[in-house]
Amino acid sequence: MRFFSIKTFCKMASAAKKPKLSTLASVNTEETTTDLNSFMQKIQAKREETAESILHYKFNRKRLRIISQEQTVSDNCEGIVYWMSRDSRVQDNWAFLFAQKLALKNEVPLHVCFCLISKYLDASVRQFHFLVKGLEKVAAECKKLNISFHLLEGSGAEALPQWVADHKIGAVVCDFNPLRVPLGWLEGCKKKLKKDVPLIQVDAHNIVPCWEASDKQEYSARTIRNKINSKLSEYLTDFPPLIKHPFTSKFEPEPIDWDEAIESREADKSVGPVNWARPGYDEAMKMLKSFIEKRLKIFSSKRNDPTQDACSNLSPWFHFGQISVQRVALCVQEYKTKHTECVNAFLEEAIVRRELADNFCFYCEHYDSIKGASNWAQKTLDDHRKDKRTHIYSLEQLSKAETHDELWNSAQLQLVKEGKMHGFLRMYWCKKILEWTSTPEDALRYSIYLNDHYSIDGRDPNGYVGCMWSTCGIHDQGWAERTVFGKIRYMNYDGCKRKFNVAAFVARYGGKVHKYTSKK
Ligand SMILES: Cc1cc2nc3c(=O)[nH]c(=O)nc-3n(C[C@H](O)[C@H](O)[C@H](O)COP(=O)(O)OP(=O)(O)OC[C@H]3O[C@@H](n4cnc5c(N)ncnc54)[C@H](O)[C@@H]3O)c2cc1C
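No experiment lies behind these values; they were computed from the predicted model shown.

S.K.: How do you make sense of the overall build of the chain when you look at a structure like this?
M.R.: Per the secondary structure count, the chain includes 23 helices and six strands. Since a compact globule built from 520 residues should have a radius of gyration of about 24 Å, the 23 Å found for the chain is in line with a globular shape. Viewed in the frame of its principal axes, the chain has a C-alpha envelope of about 70 × 50 × 50 Å. Burial statistics for the chain: of 520 residues in total, 59% are counted as buried. Taking contacts inside the chain between residues at least 6 apart in sequence as the whole, the part at least 24 apart equals 82%. Carbon and sulfur atoms provide 50% of the accessible area of the chain, an area that totals close to 22000 Å².

Shown next, in the form of structure tokens:
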């Protein structure tokens, strides 16, 4: 593989010619940009209709949980900080809004801190680029709103407590992430923060806060659906605006070199940014607008066909919280009368399925391990542990798309080149990894690695649940027993041929049939 600097990548990404075929890279949001501003202005008007500011809005306190012992903000504090992590956006962010509410009430400046770590799981430069360039836009927007943005080096547990003490901050408001590493930062921050500083977590990612949707690990979409849908009238509400903050910070934030912030990460530079998905709220809005105008109407009938352009393609921005799913749901549901089936199908995916994934990761500590599977699934995989595999591939062979199956290889190439694989093929791709590796443990490890390393939306509860669903039947039921899979649901090439034009997909991504050589 060739190695490029970030700057070269950015240039390459913007200079790349658009292919004629409807690949992800050709998802065209350009033609809608002329009236993008009016689309965004209408949304801002709705916020302003909802309330003048968060101070004039009854914040639903079920969206938050107080992590610290301390519950009150000290009278002589000099600011409030929003510790931004999973939700890197300014508007439509309940955590940011709650932080502003505290700052307005206490008549103090409002700050945002993002704590950037040098390495995160299997993330490559592709994901750090998307994150950091998105943050650059957040910082610019904050500046306009008289809110200081600080980029701290190190995790929230390492960098934040001292910064809070140094600047006499009265409260830390953070967003919510059910995954192990960010929960560790939260725990570390709680331990190191001064005892008189409240630490408050707000679920700014889910529409129904994860702890309100259910107090236990749910069995499947069937068991959580009604719990979520019955609470939407309470939580699927409009947002008030985050306003220009009236209290100015007494100190300036440290200047930030954004390119250097990307360059200095310990991340694979050979996996760089992609052309079709550019970071930031404005880019997310373009994608949303193009979805509503062009793709929503075919979402229910065509979303499982990888040769069609029917999906929202919003998952990169959802993952980094650069757009709020709640905002997207509000916009999409305006089309309920016109495209009822499509709107319902989209809300099922974006709300029920997505929030089910957060539920799983929040309540199951083994969310990325076979140990997290149900007993029946663990038993059936064990019963078939010694079954003869027709092919066994190494991680390297999989990574390079060198299997005997040109459809699988094409899906892998889509992932590597475009940073996102079509949702239907993600299932096929992952199930074949189970079929073609020595153990279910290897299969799960490889699929999570590949998904986390190449996919912009990887390292997400949806990704862990997707891999667990495919490999060990999470949120699924037992099926007719067969070799290797046992009772885990099986998928095959012929099934794909019945669903869509496999040859067209293969032609598009150029996956070749590779001669099988076992490299166990
Ligand atoms: C093996 C495997 C790995 C996956 N890895 C990821 C991942 O890393 N990140 C990720 O966001 N999704 C992942 N998914 C779930 C799903 O495939 C993607 O969310 C979807 O393809 C994203 O494309 P989109 O935004 O165009 O989705 P759309 O079809 O437009 O759906 C809108 C949104 O609904 C949510 N959604 C859709 N399908 C699912 C689902 N099955 N489970 C949970 N939420 C869903 C997503 O937030 C998505 O952005 C994975 C699924 C599998 C089977």
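Moving on, there is more to tell.
S.K.: Would you take a moment to explain the packing of aromatic side chains for this structure?
M.R.: What characterises a pair of aromatic rings is the spacing of the ring centres plus the angle enclosed by the ring planes. Summed over the entire model, instances satisfying the criterion amount to 25 aromatic pairs. Between F291 and F346 the ring centres are 5.1 Å apart and the planes differ by 45 degrees, which places this aromatic pair in the tilted class. Highlighted residues: F291 in helix α11 (residues 281-295) and F346 in helix α15 (residues 340-363), separated in sequence by 55 residues. Ring geometry for W408 versus W429: centroids 6.3 Å apart, planes at 10 degrees, classification stacked. Here W408 is found in helix α18 (residues 406-418), whereas its partner W429 is found in helix α19 (residues 423-435), with 21 residues between them in sequence.

S.K.: Would you take a moment to explain the packing of α18 against helix α23 (residues 502-509) for this structure?
M.R.: How two helices pack is summed up by the angle between their axes together with the distance between the axes. Interaxial distance between α18 and α23 falls to 9 Å at its minimum, and their mutual angle equals 45 degrees. Here α23 runs oblique to α18, going by the angle between their axes. Note that α18 runs across α23; the crossing there is left-handed. Counting all contacts with α18, which are made through E406, L407, S410, A411, L413, Q414, K417 and E418, the residues of α23 involved are V502, F505, V506 and Y509. Broken down by class, the residue content of the contact of α18 with α23 amounts to seven nonpolar, two polar and three charged.

S.K.: Looking at this structure, I do not really get the site of the ligand. What am I missing?
M.R.: With respect to spatial proximity, 26 residues lie near the ligand, and among them S312, N313, S315, N451 and D457 are the closest. Backbone polar atom of L314 to an oxygen atom of the ligand: 3.2 Å apart, as the coordinates give it. Its residues placed into classes, the shell around the ligand shows nine nonpolar, 10 polar and seven charged.

S.K.: Is there a simple way to explain the state of the cysteines in this structure?
M.R.: Put plainly, two cysteines are in a disulfide when a covalent bond ties their sulfur atoms together. One pass over the full model with this rule turns up zero disulfides. Unpaired in terms of disulfides, C113 finds its nearest cysteine sulfur in C115, a separation of 6.0 Å. Accessibility expressed as a relative area gives 0% for C113, which makes it buried. Left without a disulfide partner, C430 is nearest to the cysteine sulfur of C467, which lies 4.2 Å away.

S.K.: Just checking my understanding: could you explain the pairing of strand β2 (residues 79-84) for this structure?
M.R.: Looking along a regular strand, one sees the side chains alternate between the two faces of the sheet. Within β2, six of the six residues are buried, which leaves the element mostly enclosed by the surrounding structure. Alternating positions in β2 separate into two faces, G79, V81 and W83 on one and I80, Y82 and M84 on the other, with burial throughout. One ladder, built from five bridges, connects β2 with strand β5 (residues 169-175); its direction is parallel. Among the inter-strand pairings, I80 is bridged to a residue of β5, identified as A171. Of the strand pairs in this sheet, β2 and strand β3 (residues 110-116) are connected by five bridges, and their pairing is parallel. Opposite I80, over in β3, you have L110 as the bridge partner.

S.K.: Please clarify how α19 should be interpreted in this entry.
M.R.: Taking 1.5 Å of rise per residue, the 13 residues of α19 would be expected to cover 18 Å, and the 19 Å separating its terminal C-alpha atoms lies within 8% of that figure. Counted residue by residue, α19 has 10 buried out of 13 residues, so it is predominantly covered. Every buried residue belonging to α19 is among F424, L425, Y428, W429, C430, K431, K432, I433, L434 and E435, and all of these are buried.

S.K.: Any chance you could explain the packing of helix α5 (residues 156-166) against helix α6 (residues 180-192) here in plain terms?
M.R.: The N-to-C vectors of α5 and α6 enclose an angle of 30 degrees; their axes lie 8 Å apart at closest approach. Our classification of the angle between α5 and α6 gives roughly parallel. The two elements α5 and α6 cross, and the hand of that crossing is right-handed. Counted together, G156, A157, E158, L160 and P161 of α5 and W185, G188, C189 and K192 of α6 form the full contact between these two elements.

S.K.: How should the pairing of strand β6 (residues 199-202) be read in this particular structure?
M.R.: Of the two faces of β6, both are covered, the one formed by L199 and Q201 as well as the one formed by I200 and V202. Relative to β6, strand β1 (residues 64-66) is paired through three bridges, and the arrangement is antiparallel. Within the sheet, the bridge partner assigned to I66 lies in β6 and is I200. Crossover connection from β5 via α6 to parallel β6: handedness right-handed.

S.K.: Teacher, can you tell me more about the pattern of salt bridges here?
M.R.: Counted according to the given criterion, the structure contains 29 salt bridges. Between K289 and D35 there is a salt bridge, with the nearest N and O atoms lying 2.9 Å from each other. In this pair, K289 sits in helix α11 while D35 sits in the loop between α1 (6-15) and α2 (36-50), placing the two residues 254 residues apart along the sequence. Residue classification places K289 among the buried residues on the basis of a relative accessible area of 5%. Among the residues examined, D35 registers a relative accessible area of 36% and is labelled partly exposed. Between R327 and D92 there is a salt bridge, with the nearest N and O atoms lying 2.9 Å from each other. One end of the pair, R327, is in helix α14 (residues 325-333); the other, D92, is in the loop between β2 and α3 (94-106), with 235 residues separating them in the sequence. Among the charged side chains, a network of salt bridges with common partners joins R47, D92, D238 and R327.

S.K.: It is not clear to me how unusual backbone geometry should be interpreted in this structure. Could you clarify?
M.R.: Excluding glycine, residues mostly carry a negative phi; peptide bonds, for their part, are mostly trans. One non-glycine residue with positive phi stands out, namely E107, at about 55 degrees. With respect to the helices and strands, the residue E107 is situated in the loop between α3 and β3. A relative accessible area of 56% places E107 in the exposed class. Even without being a glycine, K168 presents a positive backbone phi close to 50 degrees. Under the relative-accessibility criterion, K168 is labelled partly exposed at 49%.

Cut-off values and rules
- Residues numbered from 1 in each chain as written.
- Predicted model: local features only at pLDDT ≥ 70, side-chain atom pairs only at ≥ 80, totals over all residues.
- Heavy atoms only, no water.
- Helix = DSSP H or I, 4+ residues; strand = E, 2+ residues; numbered from the N terminus.
- Rg over C-alpha atoms; globule rule 2.2 N^0.38 Å.
- Buried < 20%, exposed > 50% of the residue type's maximum accessible area, 1.4 Å probe, protein only.
- Contact = heavy atoms within 4.5 Å.
- Areas by Shrake-Rupley, 256 points an atom, 1.4 Å probe, with all protein chains shown as cover.
- Phe/Tyr/Trp six-rings, centres within 6.5 Å; stacked < 30°, edge-to-face > 60°.
- Axes fitted to C-alpha atoms, helices over the stretch in contact; angles between N-to-C directions.
- Parallel < 35°, antiparallel > 145°, perpendicular 65-115°, else oblique.
- Left-handed = near helix turned anticlockwise from the far one by under 90°.
- Nonpolar A, V, L, I, M, F, W, Y, C, P; charged D, E, K, R; others polar.
- Near = heavy atom within 4 Å.
- Polar contact = N/O pair within 3.5 Å; in protein donor to acceptor, adjacent residues only side chain to side chain.
- Disulfide = S-S within 2.5 Å.
- Pairing = 2+ DSSP bridges.
- Expected span 1.5 Å × (residues − 1).
- Right-handed = clockwise from strand over helix to strand, strands pointing away.
- Salt bridge = Lys/Arg side-chain N within 4 Å of Asp/Glu carboxyl O.

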